[in-house]
Amino acid sequence: MNIGELRLKDILTDYKIEETEFEYADVKGIAELFGWRIIFFRKQADLSNTIVLSFDEIEDDNLISLANSILEHVDIDVRFGDNLSKIKKIYGEANSFDNIFENMTRYNYLIDPSLFIVFGIKEDKMVYLEIFTDKVMIDDVFNLRKML
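Reading the values: the criteria
For every chain, the first residue of the written sequence is number 1, and numbering continues from 1 along that sequence. Residues qualify for local features only when their pLDDT is at least 70, as the model is predicted, and side-chain atom pairs are given and counted only at 80 or more; totals for whole chains, interfaces and linings, by contrast, use all residues. Side-chain calculation: all heavy atoms of the structure are included, whereas hydrogens and water are not. The secondary structure listing takes helices from DSSP runs of H or I that are at least 4 residues long and strands from runs of E that are at least 2 residues long, numbered from the N terminus. The size measure is the radius of gyration over C-alpha atoms, and the globule rule it meets is 2.2 Å times the number of residues to the 0.38 power. The rule is simple: take the accessible area with a 1.4 Å probe, protein chains only, and divide by the maximum for that residue type; under 20% is buried, over 50% is exposed, in between is partly exposed. Computed with the Shrake-Rupley method and a 1.4 Å probe, the accessible areas treat only the protein chains shown as cover for residues. Positive residues here are Lys and Arg, negative ones are Asp and Glu, while His and the chain termini are left out of the count. Every charge is mapped to an atom, namely NZ of Lys, CZ of Arg, CG of Asp or CD of Glu. At least two DSSP bridges between two strands are needed for those strands to be called paired. Angles here are taken between N-to-C directions and fall from 0 to 180 degrees, while the axes themselves are lines fitted to C-alpha atoms, restricted in helices to the stretch in contact. Salt bridges, as used here, are contacts in which a Lys or Arg side-chain nitrogen is within 4 Å of a carboxyl oxygen on Asp or Glu. In this text, buried Ala, Val, Leu, Ile, Met, Phe, Trp, Tyr and Cys residues form a nonpolar core when linked through side-chain atoms within 4.5 Å. Whether two residues touch is decided by their heavy atoms; if any such pair falls within 4.5 Å, the residues are in contact.

### Describing the overall build of the protein chain
And step 1. Summing up its helical and strand segments, the protein chain has 4 helices and 8 strands in all.
And step 2. Each helix and strand of the protein chain, placed in order from N terminus to C terminus, yields the pattern α-β-β-β-β-α-α-β-β-β-β-α.
And step 3. Against the globule reference of 15 Å for 148 residues, the protein chain gives a C-alpha radius of gyration of 14 Å, in line with a compact fold.
And step 4. Projecting the C-alpha coordinates of the protein chain onto the three principal axes gives extents of approximately 35 × 35 × 25 Å.
And step 5. Looking at the protein chain residue by residue over its 148 residues, the buried ones come to 49%.
And step 6. For the protein chain, the computed accessible surface area is about 8,000 Å², with 45% contributed by carbon and sulfur atoms.
And step 7. The protein chain carries 17 positive and 29 negative side-chain charges, and their two centres are separated by 2 Å.

If you want it as structure tokens, here you go:
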């Protein structure tokens, strides 16, 4: 999965995308933001590569449609609104899971050392997604979350 060249402003051309200094999982960098719900993050040490895609509280029909249109640019076979059984059919059992958010369970999948995907399920529908492709961030986040 290569998300490095993706830019939110290139995908959501009809929307206002804010680009700002940002810290994601204790890593400083630049984020493209669609509100607070969709984040494309590049770390300060390598501003040419997007290394994290984050989607949070993707629940209403308009936002689901918008987020799913973004996922068409990513090599992933799930969409917002899909259920846990579909995710498990594609990715198997999660490496770990947590319930730190109210009414949502996050399922953490370490696909390989350079791909970590987190699916958030609420009422048996995917409403949250994180995709990490930076090995250092993956090590830190994966190890922290498996302790939760």
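Next, the rest of the story.
### Digging into the sheet that holds strand β1 (residues 18-24)
And step 1. Taken together, the 8 strands give an open sheet; going across it, the order is β1-β2-β3-β4-β8-β7-β6-β5, and neighbouring strands pair in antiparallel fashion. Pairing within the sheet leaves two strands with one partner each, and these edge strands are β1 and β5 (96-98). Looking at each pair of strands side by side, their axes are set apart by 25° on average, direction ignored.
And step 2. Bridge count for β5 against strand β6 (residues 105-112) is 3 bridges, and the pairing is antiparallel. Paired with F97 across the strands is Y107, a residue of β6.

### Some thoughts on the pattern of salt bridges
And step 1. As enumerated under the stated definition, the model contains 10 salt bridges in all.
And step 2. D134 is paired through a salt bridge with K43; the nearest N and O atoms lie 2.7 Å apart. Highlighted residues: D134 in the loop between β8 (125-132) and α4 (135-145) and K43 in strand β3 (residues 38-43), separated in sequence by 91 residues. Of the two residues examined, D134 and K43, each falls in the buried class.
And step 3. Notably, a salt bridge pairs K86 with D82, separated by 3.3 Å at the nearest N-O pair.
And step 4. Take K86: its relative accessible area is 34%, and that puts it in the partly exposed class.
And step 5. Given a relative accessible area of 15%, D82 falls into the buried group.

### Focus on the nonpolar core
The tendency in soluble globular proteins is for nonpolar side chains to be buried side by side.
And step 1. Residues F40, F55, I76, F80, F119, L129 and I131 are the most contacted members of the largest nonpolar core, which totals 33 residues.
And step 2. For this core, the secondary structure elements donating two or more residues are α1 (8-11), β3, β4 (52-55), α2 (61-71), α3 (84-91), β6, β7 (115-122) and β8.
And step 3. Top contributing element to this core by residue count: α2, with 6 residues.
And step 4. With residues up to four places along the chain from it excluded, the contact list for F40 reads L6, R7, L8, I11, I30, A31, E32, T50, V52, L53, F55 and I70.
And step 5. A31, V52, M104 and Y128 belong to the second-largest nonpolar core, a separate cluster that totals 18 residues.

### Quick notes on the pairing of β4
And step 1. Burial along β4 is two-sided: the residues V52 and S54 and L53 and F55 are all buried.
And step 2. Bridge analysis of β4 against β8 gives 4 bridges, and the strand direction is antiparallel. Across the sheet, F55 pairs through a bridge with L129, a residue of β8.

### Here we look at unusual backbone geometry
And step 1. Within the chain, A25 stands out as a residue other than glycine whose phi angle is a positive 50°.
And step 2. You can see A25 is positioned in the loop between β1 and β2 (27-34).
And step 3. One non-glycine residue, E123, lies in positive phi territory at about 50°.
And step 4. Considering the arrangement of structural elements, one finds E123 in the loop between β7 and β8.
And step 5. On the basis of relative accessibility, which here comes to 74%, the residue E123 falls in the exposed class.

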